[in-house]
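Chain residues, written in single-letter form:
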Amino acid sequence: QVHLVESGGGLVQAGGSLGLSCAASGLFFSIDTMGWYRQAPGKQRESVALISTDGATTFEDSVKGRFAISRDNAKNTVYLRMNTMLPEDTAVYYCYAAAKRTILSEVRDYWGQGTQVTVSS
């Protein structure tokens, strides 16, 4: 099983910055893509930022230029730096990882428990 443990989050004023981190632990063969999703009240969960093992990144349009994602493959950890935050960034943020438990396993999706991020106007 792959466990994703998030840290960070909390309350920030509009225009401020916040950082999230997520460490993967447990028994697994490899971790592929890691990243962050978010879900605001009454809305569907959406992809915020993803990063591959070689550092290729994708971002949701509304966060481009404001958010940065990085990872430390040796620590199986992914980071999200959120700058110039807006009230519409308020949501529960979920860590995501695509991983294989064994060399013969298929890639499966794993999720963290979620952490609340609130941006006040």
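This write-up is about the structure you can find in this document. (Residues numbered from 1 in each chain as written. Predicted model: local features only at pLDDT ≥ 70, side-chain atom pairs only at ≥ 80, totals over all residues. Heavy atoms only, no water.)

### Describing the pattern of salt bridges
Item 1. If you walk through the whole model with that rule in mind, you get 5 salt bridges.
Item 2. A salt bridge links Asp89 to Arg38; the shortest N-O distance between them is 3.0 Å. With a gap of 51 residues between them, Asp89 in the loop between β8 (77-82) and β9 (91-100) and Arg38 in strand β4 (residues 30-39) connect regions that are remote in the sequence. With respect to burial, Asp89 and Arg38 carry one shared label: buried.
Item 3. Connected through salt bridges with shared partners, the residues Arg38, Glu46, Glu60, Arg66 and Asp89 form a single ionic network. (Salt bridge = Lys/Arg side-chain N within 4 Å of Asp/Glu carboxyl O. Helix = DSSP H or I, 4+ residues; strand = E, 2+ residues; numbered from the N terminus. Buried < 20%, exposed > 50% of the residue type's maximum accessible area, 1.4 Å probe, protein only.)

### A word on unusual backbone geometry
Item 1. Not every positive phi belongs to a glycine, and Asn76 is a case in point at roughly 50°.
Item 2. Residue class for Asn76 comes out partly exposed when judged on its relative accessible area of 24%.
Item 3. For Thr84, which is not glycine, the phi torsion reads 45° and is therefore positive.
Item 4. For Thr84, a relative accessible area of 45% translates into the label partly exposed.

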